[in-house]
Every structure is written in C-alpha cells, then in structure tokens.
Amino acid sequence: MRTTRTLSFLAAGLLVASAGTTQAMGQARERVGLLEITGTPAEAPSPLAWLFGEEEPTLSGLVAAIEGAKDEHNLDHLVVRRKDSALSWAHVDELGQASESVDIPVTVFAEQMGPTDLMLASYADLSMIQAAGDVSLPGLYMEEMFMADTLDWVGLNAQMIQVGDYKGANEQMSRSGPSEAWNENIDGLLDSLYGHMVGTLAQGEGMTSAKVEKAMETLWMANAEDAVAAGLVDAAVDLPDLGEAVAGKGSNPRWITVSAGADASEFDTSNPFAMLQMLTAEPEDELTGPTIAVLHLTGSIMTGDSTTGGMFGGQTIGSRTVRNELRKLGDNDMVQAVVLRIDSPGGSATASEIIWQGVKELRQEKPVWVSVGNMAASGGYYIAVGGEKIYANESSILGSIGVVGGKISMTELYDTLKINVVGRARGPRADMFASAKAWDEQQIDIVRGKMTEVYNQFAGRVTDGRPGIDLSKTAEGRLFLGKDAAELNMADEVGTLDDAVQDLAAHIGLAAYDVRHFPGPKSLTEILEESLGGFMGANSPLAGDASALPMVRAIRAAVGEQTWTQMVHSLNAFSLLREEPVVLTAPSVVTFR
C-alpha cells in the first residue's frame with residue numbers, strides 16, 4: 001500500500017466502523033465498486049467490439065475504469081480484483097499509477113498472489129488476499145537455450161551473422177553458450193528488472209529493499225498469513241467478508257459493478273433476421289470533434305498486411321497496413337495529433353524502414369509522439385525514433401540497436417537422410433540461400449557487408465531522432481529498462497500511455513478532446529472477407545500456422561500464458577528468416593518464476 005495516503009483512509013475506516021448505530025438509523029450505505037481483471041488485457045480494442053462487446057477489456061479500458069470510477073459511479077471505495085489474470089510488468093506500471101491517481105481508497109484483492117499481483121497491490125491503499133490463499137514471491141530466474149550443438153548433431157549448420165557485439169539474437173542458434181558481451185547485456189537487464197521489482201515493493205509497502213529480500217526468502221512458496229506477517233499484504237480475508245473488510249465492520253456496503261469493456265450491440269442474436277442485420281451493420285466510427293489518435297503497433301514487424309496471428313499465433317505489424325492507417329490519420333482533419341503505442345521486439349528491416357518513413361511523413365502534418373508498452377526493441381525502437389517524443393514505462397524494454405541475419409544449411413542432414421538435392425541456378429548470387437550449400441567466406445563477407453549497411457542506416461535513424469544520444473553506450477544491441485533508457489536519452493519521459501496522451505494534448509493546447517484507438521472497428525462483412533478471401537492462400541490463417549502443432553501447444557501449456565505471450569512475438573520475428581536474410585529483432589529470453 002502507498003503509505004502517504006493510508007492514514008486518512010484508515011481514519012475514514014474507523015469512522016465507518018463506529019457508525020453501526022447511525023447506519024441503523026438510515027445512513028446511506030457505503031458504495032464499493034468492484035472491477036474484475038481476468039485474462040491478459042489487450043493493447044487495442046477488437047475490431048468487432050462495437051458489435052459483440054469485449055471478450056476481455058483493453059489496458060486502456062481498465063485504466064479509464066479505475067480513473068473514472070469515483071465520478072461515474074459515485075463510489076466511496078474501489079476494489080480491483082485479480083481473477084485468473086496474467087499481467088505483464090508494463091500492465092502493472094499503468095494500472096498501478098491509475099490506482100494512485102484516484103482520490104478514493106483502492107483495494108487490490110486476489111485469491112492467490114504472485115510477483116505481479118503483489119507489485120500491483122503495492123500501489124493500492126490496501127491489499128487483501130483470500131484467507132489460506134497461496135503466495136509466491138521468488139527472485140527472478142531466466143533460462144536461455146543454446147542449440148548450436150543440437151543443430152550440429154542433427155546435421156544443420158546455422159550460419160547466423162549479427163552486427164552489434166551485444167545483440168545476442170544469433171547466439172542461441174550459433175553458439176553452445178553465451179558470449180561475454182551478451183552475458184554483460186542480459187545480466188545488466190536482469191539486474192534492472194530485479195531492482196525494479198524489489199524497488200516497487202519496497203516503495204509501496206514502506207520498507208527497505210533488504211526487508212523485501214528477507215521476505216522473499218519465506219514467500220517464495222507460502223500462504224496468505226505468511227504474506228501478512230511479512231508486511232507485503234495488509235489482510236487475509238474470506239471473500240464473503242470482503243465488503244466489511246474494505247468499508248468497515250458492520251457497514252453492509254452496496255456493491256457496484258465497474259465495467260471496463262465495450263458493451264455489446266443491442267442485436268438479438270437469437271433472431272435470424274437480427275443476424276442478417278448484423279452482416280450489413282456498419283460501425284459508427286466517425287470522428288465528431290478534436291481527437292488524439294492512438295495507433296497500436298503490436299507484434300513482430302513484417303512487410304505486407306498486419307495479421308492477428310503469425311506463424312506462432314499472436315499479432316503482426318504489417319508495413320502496408322500501418323502506412324495506410326498513417327495516411328488516413330494524416331488526412332482526417334479531426335485528428336489533431338497521434339500517439340504510436342508500440343509493443344514489439346522488431347522484425348523485418350525493410351518493413352521497419354517503410355513504417356519509419358510513414359511516421360516521418362505524418363510528422364510533417366501533425367505531432368506524433370510514442371508510448372512504449374512492454375517493449376520497443378530493435379525494429380520496434382527503429383519505428384519509435386521517428387516520433388517527436390518517446391514515453392516508456394519503468395519496466396518497458398528499449399534498445400537492441402543491431403542487426404541479425406543468416407540462413408541454416410541442411411547439407412549434413414540431407415546426407416544423413418540419403419537425400420540427394422540437385423540445385424540449378426542462373427545469374428549472379430542465385431544460390432545464396434540454397435538449403436544444401438553453406439556460405440563460403442566470400443559470401444559471408446557479402447552478407448555481412450549488406451547487414452552493416454542496414455545497421456548504419458538504423459544507427460543514423462537513431463541519431464537523427466535522438467539528438468545527442470551516445471551510441472557508444474546505447475547501440476550494438478544493448479537493452480535497457482525504461483528508466484535507464486530515459487537517462488541515456490533513448491526516451492524522453494518515464495510515463496504511461498495516459499501520460500503521453502495528456503501531455504500531448506497540453507502541448508498542442510487541447511482542453512477538450514476525444515481519444516480514439518486505431519486500427520478502428522470493422523464491420524462483420526469486412527472481417528469475413530479478410531478471413532475467407534485468402535482462406536487457402538499464402539495469407540490464409542491456416543498457411544504456415546505452427547500454433548496448432550501439438551509440440552507448440554505443449555510448450556505453450558508448459559510455460560504458461562504470460563511467458564508464451566512474451567515469447568510469441570520474438571518467435572514470429574525469427575520466422576522471417578525463412579523469407580528475409582536480414583531482420584531487426586531482439587533475442588527471446590524465457591523467464592520462469
């Protein structure tokens with residue numbers, strides 16, 4: 001809990017607790033809002049949310065629900081209930097700061113608590129857990145798999161080349177263990193992540209970092225009562241007693257549901273005529289006044305159209321789709337400014353440059369700022385430096401200014417399987433990516449030369465967009481948390497998406513404005529056309545889809561949804577090597593707790 005606000009709310013609680021007789025004489029019941037967070041909040045609204053409602057609320061919707069709870073529902077208290085949700089650290093940053101901004105008591109409650117639950121609870125005025133619930137607060141542990149020996153064993157030769165000593169994106173396939181530079185890079189990032197976790201808990205609970213670490217020795221596997229004794233949770237209560245625990249003994253509060261998702265349309269889905277009407281219905285997305293547009297760029301970066309599922313599931317950022325959206329925003333006179341909300345580990349070097357060019361063009365017409373979610377690394381950071389100003393959460397990951405590329409030669413595997421591959425080539429360099437032929441030294445030098453050109457262009461975009469930045473401290477693949485990135489001039493402010501929007505509005509003198517999220521809503525007909533139009537083609541949702549494979553499903557189940565979400569964007573980015581020799585992507589690190 002935030003100690004600076006606790007005393008006044010405890011005093012209010014004592015007044016409520018002593019008011020039992022007054023309530024019996026007709027005093028109004030305490031109004032307690034309940035906001036439930038389930039699943040993983042989406043970054044952007046579903047294109048069909050206007051028709052069917054949101055299956056799971058967006059992060060922006062949750063933030064708005066917290067900030068507007070008091071005025072919209074006339075609340076005395078707000079309870080944020082974590083209900084089988086999986087939040088990233090960036091989610092915790094944004095939801096936690098929203099909790100701090102409201103002037104009514106906020107309580108975080110969960111049946112069980114892990115690190116992100118406890119971090120979110122530390123922002124609240126009170127934290128409560130189900131009596132006898134489980135608590136787990138271990139330190140941070142990362143695992144990386146280095147597969148060079150395995151690939152060699154099966155007869156595959158990964159000829160991966162990187163520009164940037166600290167990049168590390170090639171090492172998992174080309175080395176048996178980490179290089180000294182990658183060790184320095186990832187150890188520094190892990191130190192920062194751990195420091196952020198401990199610091200957040202210490203500040204929120206009003207204790208020293210040493211005391212938090214002492215508590216972790218017990219709470220790595222513990223129960224609710226242990227967490228209360230350690231001072232990281234305020235109370236262990238049974239769910240039916242939560243109302244009195246929040247508002248005061250004998251208060252009999254009135255529970256008010258606080259919703260964060262979009263409401264479904266009023267169509268009667270049991271009526272066949274209504275179903276036909278849904279097919280022809282169009283979303284009402286016309287802008288009616290001054291608007292700040294938030295354009296979401298989530299996933300790995302690829303040429304072509306954005307998709308809702310890459311090779312391993314998840315979303316992709318398509319350069320063609322993004323350029324079209326940027327052009328529409330530029331042409332719409334109601335859009336006064338744009339915030340790019342980036343959550344990407346990178347991807348195609350070509351697509352990153354194409355999108356960067358679109359951002360620079362839009363900046364000639366109206367202000368463009370950037371807000372970083374979980375990550376803007378490699379190609380994601382390439383796009384970010386096209387904006388005028390960059391905001392990042394404390395736990396956002398930025399950087400990875402470097403390039404990786406290569407191919408996997410299958411010569412030995414073919415020999416083992418007694419497969420005789422006969423290649424035929426016409427013209428210069430036609431066999432550069434032949435699967436049965438490894439690169440010779442001359443070819444490696446040619447590829448490295450092209451990659452160096454891409455790296456120099458990347459570095460040039462960074463220096464143009466971040467005047468005064470010291471590339472000797474920030475480039476060559478280095479990774480940083482948001483706070484460290486701001487100190488190194490890689491970002492301008494440590495702040496949330498909400499901060500970026502509000503500061504941008506003040507910057508351009510907007511007192512009254514709407515905030516709209518893009519890409520915007522779509523009709524059901526558009527969605528069906530996009531899905532069925534390429535059903536059996538290269539862009540089909542079934543084409544190259546590895547997410548349905550039993551092995552992929554097993555890995556997803558083993559690591560859990562939160563870790564899988566972190567992995568999938570990087571896996572999709574690496575799958576680009578099937579089509580592009582050079583990519584801008586950050587390495588994937590699996591985190592276990």
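Keep in mind that this is a model prediction, so the values were computed, not measured.

A.B. asks: How would you sum up the sheet that holds strand β9 (residues 235-237)? Please name residues and give values.
C.D. replies: Paired through their backbone hydrogen bonds, the strands of a sheet run either parallel or antiparallel. Spatial ordering of the open sheet is given by β9-β4-β3-β2-β1-β10, a layout of six strands whose pairing is parallel. A strand with exactly one partner marks an edge of an open sheet, and here the two such strands are β9 and β10 (254-257). Strand-to-strand twist in this sheet, taken as the mean axis angle between neighbours without regard to direction, amounts to 30°. Across seven bridges, the pairing between strand β1 (residues 31-39) and strand β2 (residues 77-85) is parallel. Note that in β2 the partner of Gly 33 across the bridge is Leu 78. Helix-sheet contacts for helix α4 (residues 59-73) involve β1, β2 and β10, and the interaxial angle to β1 is about 165°.

A.B. asks: Could you give an account of the pattern of salt bridges, with specific residues and numbers?
C.D. replies: Tallying each qualifying case throughout the model produces 14 salt bridges. Put simply, Asp 431 and Lys 437 hold a salt bridge, and the shortest N to O gap is 2.7 Å. Accessibility expressed as a relative area gives 39% for Lys 437, which makes it partly exposed. The shortest N-O distance in the salt bridge between Arg 466 and Asp 492 comes to 2.8 Å. Taken as a pair, Arg 466 in the loop between α18 (441-465) and α19 (471-474) and Asp 492 in the loop between α20 (482-487) and β21 (493-494) lie far apart in primary sequence, 26 residues in all. Exposure remark for Asp 492: the relative accessible area of 31% places this residue in the partly exposed category.

A.B. asks: Let's hear about unusual backbone geometry: which residues, and what values?
C.D. replies: When glycine is set aside, most residues are seen to have a negative phi, and most peptide bonds are trans. A cis geometry characterises the amide bond from Phe 518 onward to Pro 519, with omega recorded as 0°. A positive phi is found at Asn 74, a non-glycine position, where the angle reads about 55°. Along the chain, Asn 74 turns up in the loop between α4 and β2. Of note, the phi angle at Glu 476 is positive, near 60°, even though the residue is not glycine. Mapped onto the elements of the fold, Glu 476 is located in the loop between α19 and β20 (479-481). Relative accessible area serves as the criterion here: at 29%, Glu 476 is assigned to the partly exposed category.

A.B. asks: Describe helix α9 (residues 180-205), with residues and values.
C.D. replies: Side chains three or four residues apart in an α-helix point the same way, a direct result of the helix having 3.6 residues per turn. Across its 26 residues, α9 extends 37 Å between first and last C-alpha, which sits within 8% of the 38 Å expected from 1.5 Å per residue. One or two residues past the end of α9 sits Gly 206, with phi positive at roughly 65°.

A.B. asks: Any chance you could break down a negative patch on the surface for me, citing the residues and the numbers?
C.D. replies: The grouping of Asp 149, Asp 152, Glu 412 and Asp 415 at the surface amounts to a negative patch. At the level of elements, α7 (148-154) and α17 (411-416) are the ones that each hand at least two residues to the negative patch. Note on placement: Asp 415 falls in helix α17.

A.B. asks: I'd like a description of the pairing of β1, backed by residues and values.
C.D. replies: Sheet topology note: the β1/β10 ladder contains four bridges and is parallel. When the sheet's bridge partners are listed, Val 32 is paired in β10 with Trp 255.

A.B. asks: A description of the environment of Gly 477 should follow, citing residues and the corresponding values.
C.D. replies: With respect to the helices, strands and loops of the structure, Gly 477 is situated in the loop between α19 and β20. Sequence-wise, Gly 477 and Ile 401 are 76 residues apart; in three dimensions their C-alpha atoms are separated by 4.6 Å. Residues in contact with Gly 477, not counting those within four places in the same chain, are Tyr 166, Lys 167, Asn 185, Ser 400, Ile 401 and Gly 402.

A.B. asks: Describe the nonpolar core, naming the residues involved and giving the relevant values.
C.D. replies: Ranked by internal contacts, the top residues of the largest apolar core, which has 61 residues, are Leu 35, Ile 66, Leu 78, Leu 95, Leu 137, Met 197 and Leu 219. Considering each element in turn, this core owes the most residues, eight residues, to α9. Look past the residues within four positions of Ile 66 in its chain and what remains in contact with it is Leu 35, Leu 78, Val 80, Leu 95, Ala 98, Ser 99 and Val 102. Counting residues in hydrophobic clusters, the runner-up holds 49 residues, among them Leu 295, Ile 301, Met 432 and Trp 439.

A.B. asks: Can you tell me about the packing of α4 against helix α5 (residues 89-101), naming the residues and giving the values?
C.D. replies: At a closest axis distance of 8 Å, the pairing of α4 and α5 adopts a crossing angle of 15°. Taken together, the axes of α4 and α5 are roughly parallel relative to one another. The crossing of α4 and α5 is right-handed. In this structure, α4 contributes Leu 59, Leu 62, Val 63, Ile 66 and Glu 67 to the contact, and α5 contributes His 91, Glu 94, Leu 95, Ala 98, Ser 99 and Ser 101. Residues that form the contact of α4 with α5 fall into these classes: six nonpolar, three polar and two charged.

Rules and cut-offs
- Every residue gets a number counted from 1 within its own chain, in the order that chain's sequence is written.
- Two thresholds apply to this predicted model, a pLDDT of at least 70 for residue-level local features and 80 or more for giving and counting side-chain atom pairs, whereas whole-chain, interface and lining totals are computed over all residues.
- Just so you know, side-chain values use all the structure's heavy atoms and leave hydrogens and water out.
- A pair of strands counts as paired when DSSP detects no fewer than two bridges linking them.
- Helix numbering and strand numbering both begin at the N terminus, where a helix is a DSSP run of H or I of at least 4 residues and a strand a DSSP run of E of at least 2.
- A fitted line through C-alpha atoms represents every axis, and for helices the fit uses only the stretch in contact; the resulting angles, taken between N-to-C directions, go from 0 to 180 degrees.
- For this analysis, residues touch if any pair of their heavy atoms sits within 4.5 Å.
- Salt bridges are identified by distance alone: a Lys or Arg side-chain nitrogen within 4 Å of an Asp or Glu carboxyl oxygen.
- Burial here depends on accessible area, computed with a 1.4 Å probe over protein chains only, as a share of the maximum for the residue type. Under 20% is buried, over 50% is exposed, and the range in between is partly exposed.
- Here the expected span of a helix is defined as 1.5 Å times the quantity of residues minus one.
- Each patch is assembled from residues with relative accessible area greater than 30% and no salt bridge, linking like charges that lie within 9 Å and nonpolar side chains (Val, Leu, Ile, Met, Phe, Trp, Tyr) that lie within 5 Å.
- Per-residue and other accessible areas follow the Shrake-Rupley method at a 1.4 Å probe size, with only the shown protein chains counted as cover for residues.
- Neither His nor the chain ends is counted toward charge; the positive residues are Lys and Arg and the negative residues Asp and Glu.
- The atoms used to mark charge sites are NZ of Lys, CZ of Arg, CG of Asp and CD of Glu.
- Joining through side-chain atoms within 4.5 Å is the link that ties buried Ala, Val, Leu, Ile, Met, Phe, Trp, Tyr and Cys residues into a set, and such a set is a nonpolar core.
- Relative orientations are named as follows: roughly parallel for angles under 35 degrees, roughly antiparallel for angles over 145 degrees, roughly perpendicular for angles from 65 to 115 degrees, and oblique for any other angle.
- Less than a right angle of anticlockwise turn of the near helix away from the far helix marks a crossing as left-handed, whereas a clockwise turn marks it as right-handed.
- The nonpolar class holds Ala, Val, Leu, Ile, Met, Phe, Trp, Tyr, Cys and Pro. Asp, Glu, Lys and Arg form the charged class, and all remaining residues, Gly among them, are polar.

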